[in-house]
There are 4 protein chains.
Amino acid sequence: MRCFASDNYSGVHPEIMEALNRANYEHMPSYGNDAITTRTIALFKDLFGEPCEVFFVYNGTGANTLALAALTQRFNTVICSEWAHIHVDESTAPENFTGCKLVSVPSHNGKITPEAVEEKIHRLGDPHHAQARVISISQLTEYATVYHPEEIRALSLLAKKYGLYLHMDGARISNAAVSLNLTFRAFTREAGVDIVSFGGTKNGMMFGEAIVIFNPALAQNFAYIRKLGMQLHSKTRYISAQFEALLSNDLWKRNATHANRMARKLADELSRFPEVKITQPVDGNGVFAVLPPQLIKPLQDEVFFYVWNEKRNEVRLMCSFDTQEEEIKRFVNRLSKLLNA
Amino acid sequence: MRCFASDNYSGVHPEIMEALNRANYEHMPSYGNDAITTRTIALFKDLFGEPCEVFFVYNGTGANTLALAALTQRFNTVICSEWAHIHVDESTAPENFTGCKLVSVPSHNGKITPEAVEEKIHRLGDPHHAQARVISISQLTEYATVYHPEEIRALSLLAKKYGLYLHMDGARISNAAVSLNLTFRAFTREAGVDIVSFGGTKNGMMFGEAIVIFNPALAQNFAYIRKLGMQLHSKTRYISAQFEALLSNDLWKRNATHANRMARKLADELSRFPEVKITQPVDGNGVFAVLPPQLIKPLQDEVFFYVWNEKRNEVRLMCSFDTQEEEIKRFVNRLSKLLNA
Amino acid sequence: MRCFASDNYSGVHPEIMEALNRANYEHMPSYGNDAITTRTIALFKDLFGEPCEVFFVYNGTGANTLALAALTQRFNTVICSEWAHIHVDESTAPENFTGCKLVSVPSHNGKITPEAVEEKIHRLGDPHHAQARVISISQLTEYATVYHPEEIRALSLLAKKYGLYLHMDGARISNAAVSLNLTFRAFTREAGVDIVSFGGTKNGMMFGEAIVIFNPALAQNFAYIRKLGMQLHSKTRYISAQFEALLSNDLWKRNATHANRMARKLADELSRFPEVKITQPVDGNGVFAVLPPQLIKPLQDEVFFYVWNEKRNEVRLMCSFDTQEEEIKRFVNRLSKLLNA
Amino acid sequence: MRCFASDNYSGVHPEIMEALNRANYEHMPSYGNDAITTRTIALFKDLFGEPCEVFFVYNGTGANTLALAALTQRFNTVICSEWAHIHVDESTAPENFTGCKLVSVPSHNGKITPEAVEEKIHRLGDPHHAQARVISISQLTEYATVYHPEEIRALSLLAKKYGLYLHMDGARISNAAVSLNLTFRAFTREAGVDIVSFGGTKNGMMFGEAIVIFNPALAQNFAYIRKLGMQLHSKTRYISAQFEALLSNDLWKRNATHANRMARKLADELSRFPEVKITQPVDGNGVFAVLPPQLIKPLQDEVFFYVWNEKRNEVRLMCSFDTQEEEIKRFVNRLSKLLNA
């Protein structure tokens, strides 16, 4: 049932599964005091440069929420896109754990601009009003588009102007790096990002995300925050081993390159049909398209996917490290037949 | 480095690892809507009887904290042993997530009594005073002792008398079942327990715990609580597959039986030394013993373990599904040599 | 320094001050168990009809936040105007105390419509998405406009359609009642409102607000919520005595009538100047107007007021029970001179 | 119905009522930007010395809870007496607002010792265990006993040794100052206290408490914390005016002296009866005594008071600024008659 529903419908990449099998011997200290974790953190530091602190957690909601907690006090606001995962897909986890107010701004192709964000930075110093403290962006965005380093830098400059921090939800950060053809460092640390939720699960891992903090002062209490946030894994080696595999031999890049290429290919095929309107730039591993409404159900029956916007008949077609050309062919053939029927 | 430090120093049992490998094919719906999860929940229902609702989460702190959240409002108290994991080893996760006050009572061999608990149930109906709502027990206890069904039933009767609930932290529930030689049902549902944190990680899993709720009304909002508690796994199949293996072919029992037997053997060996005082009944997979203080460090160098109580020179020796007689021999030989030196 | 800054710049109405002096004798049971409180709650029940439960708290932020807590679980959302006091003037008190997400919608003259609200009610039953539970309106609105009963009823019908509750922030509810020339009951209980924050401080009291709950089931745990919310006053009689005075001899009505009349008069005077644009219907005790920017500072020096919207040069002129025609004259004279200068 | 139930059964002292009447004129800036507040904060600074930051809040639960929030992060513990008001009489307000765990220690005459507290400071640096951060003492204690400066200093030294803070719940701080015959400064700032909840309501005020912070760094975000804690009063002048009266002309001292003297007198009278056992040193304005059980109800009917400990037949008799010898006489006469009956 390979499909376009979500990159978390995929299983685990064989090289990561192999790493898990390899890590499974003997006793090891728990809670991150094992050799695999030490080695893996070093890999992150190579990728992102020092200083940087790295913490492993279970999932994306945990990574984002705990990252925001590291940056805020509970009278703060977090400014994000109206489509931000933290705002619309993580229940009230951010509000409950940080106490902060999430303030959303309109986005263009899923991206927010300094102008829109600046509108929400006001009444600083007024205790009656929640105080802006974080700008949070998703890279890839929820529309599978990519922020260019200069766009990130512009948001970072705005953040610094007002004493705010810049958080990146990198659930699909590898897809972004491949799309930009840049190192992770170039569009995070070097573009002024303060803290990154580094995604693993959507790029072929079984579970586990990493939080990368560039300013050590912000990491000071993070070990406590992670524990009280219920995100500290006892057998940490099994998260680390997966990340070690992902960051070795360019697996992260191979997986993301494939997923992005499949999305590109799918988009190219779809663009041949005048009845289909691709609504977003296809920067990463997702294609957003408006389909003739009566075709959606039969197409879902062929290769499942989710409707993103019911009113607009806009669907989201996600590709993954394990998407095959076969699915694309089946999807396009079915579409073709339906349109000609 | 096989050791007696903790049952979470162990790796993953080969049958569980095999199940993970087997589950790793194709796409599957995420967030628990997959066939493996459906099958595994049915296994739980077979074990515990119906009605019962089952939810998978990442870890023990998550399982306990979310279970308590299902039972309480934030002006409540949770009464537990002074040694309860929720009280001394989960940071302030329970307080932060539930808002409740944890009220601890003295324990005997890690177990709490109705008399001690009843002392903490007072001023019911007085808004100035946090209102007792949950009794929480650990099975095995943190001293690796076991509650007998009649002890649990007595606590349950007390709970019912005052309108409280009874929670069981079953991080080592399999070791308890083996120790009691009873079905899970006999000392949970049938003994008046309302909600169980069913442990997986300490009995050979890689990650994942289950929450078992007998009263469907208490489960009503649990899906929301789990999500906002950051404990909903996208690729749920990989938790379910592990539990499926654990609950199939009596793997849970084989693992726990072995661990308990190793602890028994270790205790038997130690009891031959008059210089060693075993401090707790060895009901499960742990041995607590007072050692001559000068021997602790050299023994830790041989087979690592943790000091439980520095003042009393009491150490904790945990056995696991993968403990081998070899470690016991090495430990006892070293002890013997040190005592004769 | 009588001014148009805010109705909380005013002091305490003499009849209320007199009531406080009268209440100040002998000992009385604390925490609301006194005779004055009993009498005053009966007055509320007369006004609002039965069943209804009444709780006194300290301030408006407390009243609103605790009211929302009575209606929600922490995976819920509260839908309100983008200008709602709970959203922009109460820091993160609602988020911190309830855990909920506040979702704002655009307003017209400070009022929200069922159409705008319905856009924010979606993905019900989806644990990933915060679940809509409350519609909150301010009566008067923050723009000092008034909701008509049919507007409230329309929002209430929408609420019922989706199983939501309707909360009214009545910080200026007396001004609204006078403006509508209706009983409180007619535009609250009878219009489908579930819970009211009944304002005292802005209508001549020293401190204290009331929460009026029509559905007794929603009041069940409120005494506990109030205590843990730090809003239970020990010497409750001093809140009750003020409300008793306010609700006796139509003081609430006399105060609000005067304040509304002063605003009307101020607006009438201002509308004679073509350079001044009144931006909102003057339903209650506030006037919103765009002034020539260079006049704002000198006018503030004469009779102080706040700028509401810096970009638009829109100012807010609030009248109170103690506003005198004298201030209006001074303000208008100064404006006239400045315009002719 | 003058009685011994509580010092918050009393009304408002006439000089404070007079101050409220005096403050009630014209408009004043709200939220503490008024002249009375400025003057009153200066009075506090005179009493406590500089640097010191002063914040007014509504009530004792608010003062204590917000003070603790200023000192902690939510993975911390607050160590206090088993009888501490924050632990047994403020519902779960401290846990909910701070996220911290309250850890109680046994007390002697309501007072805690460095030895007992040090037992609870352990596992510092271990993220699994809530981290000790505050020692909180009540002055007077809940048993109306007083800490001597050297006792406070000893706790402060312990706090400093481990990087903890020392909080004083001074709901009855004036009674303590009178009892010790010392300045406030001598047993707070100069004894190493970091933050004080300064009580007003129990010493003759209508409402209002103050938080006094000696270390300005700890006060940095307090204005935000107070607002989100729902404890910022709009018409602040009415809290300030009361404190101004209380701190002027030694009213605080006259009130507390009288209340203490009445308790002393009551205790002296009671000690004449061999059937009555006074259980605590009578340092302040309360007497704790064991009474013959069958006399409690008839005595309550004469002059009401609360039973403190049902099992021990221990009652609490509180005196206040307005207690009169008349009540003492009535109480003692009734007791005498009952004993002779």
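Residues numbered from 1 in each chain as written. Chains lettered and ligands numbered in written order. Predicted model: local features only at pLDDT ≥ 70, side-chain atom pairs only at ≥ 80, totals over all residues. Heavy atoms only, no water.

**Re the pattern of salt bridges**
- Scanning the entire structure with this criterion turns up 80 salt bridges over all chains.
- Here B:Arg123 makes a salt bridge to B:Asp126, at a shortest N to O gap of 2.9 Å.
- Note that D:Lys111 is salt-bridged to D:Glu151, the shortest N-O span being 3.1 Å. Of this pair, D:Lys111 sits in the loop between strand S3 (101-105) and helix H6 (114-118) while D:Glu151 sits in helix H7 (residues 149-162), placing them 40 residues apart in sequence.
- Among the ionic contacts, a cluster of salt bridges with common partners joins A:Asp89, C:Arg123 and C:Asp126. (Salt bridge = Lys/Arg side-chain N within 4 Å of Asp/Glu carboxyl O. Helix = DSSP H or I, 4+ residues; strand = E, 2+ residues; numbered from the N terminus.)

**A short note on the interface of chain A and chain B**
- Chain A puts 49 residues into the contact, and the matching count from chain B is 49 residues.
- It is A:His27, A:Met230 and A:Lys235 that lose the most area in chain A upon contact with chain B, and together they represent 21% of the buried surface on that side.
- The tally of links from chain A across to chain B stands at two salt bridges.
- When the shortest N-O distance is used, the salt bridge between A:Glu26 and B:Arg2 registers 2.9 Å.
- Where chain A packs against chain B, one counts 39 residue pairs in polar contact (both at pLDDT 80 or more). (Contact = heavy atoms within 4.5 Å. Buried area = accessible area lost by both parts, 1.4 Å probe. Polar contact = N/O pair within 3.5 Å; in protein donor to acceptor, adjacent residues only side chain to side chain.)

**A closer look at the relation of the copies chain A and chain B**
- You can overlay chain A on chain B at an RMSD of 0.0 Å; the transform is a turn of 180 degrees with a shift of 0.0 Å along its axis. Taken together, the rotation and translation relating the two chain copies correspond to the operation of a two-fold axis. Taking the C-alpha atom as reference, chain A places A:Tyr58 closest to the rotation axis, 3.7 Å from it.
- Mapped onto chain B, 100% of the interface residues of chain A again fall at the interface, so both copies present the same surface. (Least-squares fit on C-alpha atoms with pLDDT ≥ 70 in both.)

**Topic: the pairing of strand S3 (residues 101-105) of chain B**
Residue and element names in this part refer to chain B.
- Across the five residues of S3, four count as buried, placing the element largely inside the fold.
- Bridge count between strand S2 (residues 76-81) and S3: five bridges; the pairing is parallel. Note that in S3 the partner of threonine 77 across the bridge is lysine 101. (Buried < 20%, exposed > 50% of the residue type's maximum accessible area, 1.4 Å probe, protein only. Pairing = 2+ DSSP bridges.)

**Things to note about helix H3 (residues 60-71) of chain B**
All names here are of chain B.
- Over its twelve residues, H3 runs 17 Å from end to end, which matches the ideal 16 Å to within 8%, given 1.5 Å per residue.
- Counting buried positions along H3 gives eleven out of twelve residues, so the element sits mostly inside the fold.
- Taken together, the buried positions of H3 are Thr61, Gly62, Ala63, Asn64, Thr65, Leu66, Ala67, Leu68, Ala69, Ala70 and Leu71. (Expected span 1.5 Å × (residues − 1).)

**Description of the interface of chain A and chain D**
- Taken together, the contact pairs 17 residues of chain A with 17 residues of chain D.
- Carbon and sulfur atoms make up 64% of the surface buried where chain A meets chain D, a total of about 1600 Å² over both sides.
- Of all residues in chain A, A:Arg74, A:His128 and A:Tyr224 bury the most surface against chain D, accounting for 39% of the area lost on that side.
- Run the count over chain A and chain D and you get zero salt bridges.
- Between chain A and chain D we count four residue pairs in polar contact (both at pLDDT 80 or more) in total.
- Here the side of chain A that touches chain D gets four residues from one element, more than from any other, and that element is helix H11 (residues 222-228) of chain A.

**So, the sheet that holds S3(D)**
Residue and element names in this part refer to chain D.
- Strand order in the open sheet formed by seven strands is S1-S7-S6-S5-S4-S2-S3, and the pairing between neighbours is mixed. The open sheet is flanked by strand S1 (53-57) and S3, the only strands paired with a single partner. Taken over all neighbouring pairs, the strand axes of this sheet differ in orientation by 20 degrees on average, direction set aside.
- Helix-sheet contacts for helix H2 (residues 35-48) involve S1, strand S6 (195-198) and strand S7 (209-213), and the interaxial angle to S1 is about 125 degrees. (Axes fitted to C-alpha atoms, helices over the stretch in contact; angles between N-to-C directions.)

**Details of the packing of helix H2 (residues 35-48) of chain B against helix H12 (residues 237-247) of chain B**
All names here are of chain B.
- Between H2 and H12, the shortest axis-to-axis distance is 8 Å and the interhelical angle comes to 40 degrees. Between H2 and H12, the angle is such that the two are oblique. For the crossing formed where H2 meets H12, the hand is left-handed. Of the residues in H12, those in contact with Ile36, Thr37, Arg39, Thr40, Leu43, Phe44 and Leu47 of H2 are Arg237, Ser240, Ala241, Phe243, Glu244 and Leu247.
- The residue inventory of the contact of H2 with H12, partitioned by class, reads seven nonpolar, three polar and three charged. (Parallel < 35°, antiparallel > 145°, perpendicular 65-115°, else oblique. Left-handed = near helix turned anticlockwise from the far one by under 90°. Nonpolar A, V, L, I, M, F, W, Y, C, P; charged D, E, K, R; others polar.)

**Here we look at the side chain of B:Asn309**
Residue and element names in this part refer to chain B.
- Of note, asparagine 309 is situated in strand S10 (residues 306-309).
- On the accessibility criterion, asparagine 309 (14% relative accessible area) is buried.
- Polar side-chain contacts of asparagine 309 include one of 3.0 Å to the backbone nitrogen of lysine 311.

**Thoughts on the domain arrangement of chain A**
Residue and element names in this part refer to chain A.
- Along its sequence, chain A is carved into domain 1 (14-247) and domain 2 (251-339).
- With 22 residues of domain 1 at the interface, the matching set in domain 2 holds 23 residues.
- Together, the buried faces of domain 1 and domain 2 total about 1900 Å²; carbon and sulfur atoms form 56% of this surface.
- The tally of links from domain 1 across to domain 2 stands at one salt bridge.
- Across the pair arginine 254 and glutamate 15 runs a salt bridge, and its minimum N-O distance is 2.7 Å. (Domains from an automatic or database assignment.)

**Examining the confidence of the model for chain A**
- When the pLDDT values of chain A are averaged, the result is 97; 100% of them are 70 or greater.
- Here the predicted complex scores 0.97 on pTM and 0.97 on ipTM. (pLDDT = per-residue confidence, 0-100.)

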